[in-house]
Amino acid sequence: GPPGVGKTTTIAKIAAQECARRGTPLNLIAADAFRAGAIEQLRSYAAVMGSPLRIARSTAEFEEALSGSRQTALVDTAGRSPKDAELSSLFEVLKHKRGVRTHLVLAADTSAATARRLLDAYAPLQPARVVITKLDESESMMPLFDAVRERGLPVSYLTAGQRVPEDLWRATPASLAAAILRESAM
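For the structure given in this document, a descriptive report is provided here. (Residues numbered from 1 in each chain as written. Predicted model: local features only at pLDDT ≥ 70, side-chain atom pairs only at ≥ 80, totals over all residues. Heavy atoms only, no water.)

1. A look at the nonpolar core
Core analysis: the largest hydrophobic core is formed by 34 residues, its most contacted members being Phe62, Ile132, Leu135, Met141, Val155 and Leu158. Looking at this core element by element, the count peaks at 5 residues for helix H4 (residues 85-95). Those residues in contact with Phe62, other than ones at most four positions away along the chain, are Ile29, Ala31, Ala56, Val75, Leu90, Val93 and Leu94. Listed in part, the 18 residues of the second largest apolar core include Ile11, Leu28, Ile39 and Leu168. (Core = buried A, V, L, I, M, F, W, Y, C linked by side-chain atoms within 4.5 Å. Buried < 20%, exposed > 50% of the residue type's maximum accessible area, 1.4 Å probe, protein only. Helix = DSSP H or I, 4+ residues; strand = E, 2+ residues; numbered from the N terminus. Contact = heavy atoms within 4.5 Å.)

2. Regarding the sheet that holds strand S2 (residues 53-55)
Sheet architecture is open: 3 strands sit in the order S2-S1-S3, paired in parallel fashion. Each edge of the sheet is formed by a strand with only one pairing partner; in this case those strands are S2 and strand S3 (73-77). For this sheet the average axis-to-axis angle between neighbouring strands, irrespective of direction, equals 20°. Direction of pairing for strand S1 (residues 27-31) relative to S2: parallel, over a ladder of 3 bridges. Paired with Ile29 across the strands is Arg54, a residue of S2. Here helix H2 (residues 38-49) sits on the sheet in contact with S1, S2 and S3, set at roughly 170° to S1. Relative to the sheet, helix H3 (residues 59-67) contacts S1, S2 and S3, its axis offset from that of S1 by approximately 175°. (Pairing = 2+ DSSP bridges. Axes fitted to C-alpha atoms, helices over the stretch in contact; angles between N-to-C directions.)

Any functional reading would require information that these geometric values do not contain.
Pasting the structure below:
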């Protein structure tokens, strides 16, 4: 997703919840060498959870990190244009891996026009699902939700707040309805 939508924090929330549910930590791959502090932020979360962390500053390092993961790995990518050559090369590597699910992360306050533009821009990367973040900072997620629904993309997670892992919910019909109606039922 674009810069600033909460990709790194969302990865940490998912990893923490899965670690609590499974009892074993997931592998984390930091592929965001672009944003200052991104690797350090994910490194801090990994240390708290006891999750293995691999750093991938290049496509070759990314391939190596994926090859070294024998269990589920969550990949934190940079918030860059999907036309960016480095980002595109990472997704080219993922195309050849089995069992990959790509989630496009978008902020709840994204306008319908911007959402459509972002969905078009990221379409070549073939996102399978959408994560809607920052519900706590939005007046309404309806414009974004309408654009996502038009494209037939399922919503996988919802986030509202910075707390790890508490501020993350699986997107169910009930949690989506609560978010749309601005209820705190999540």
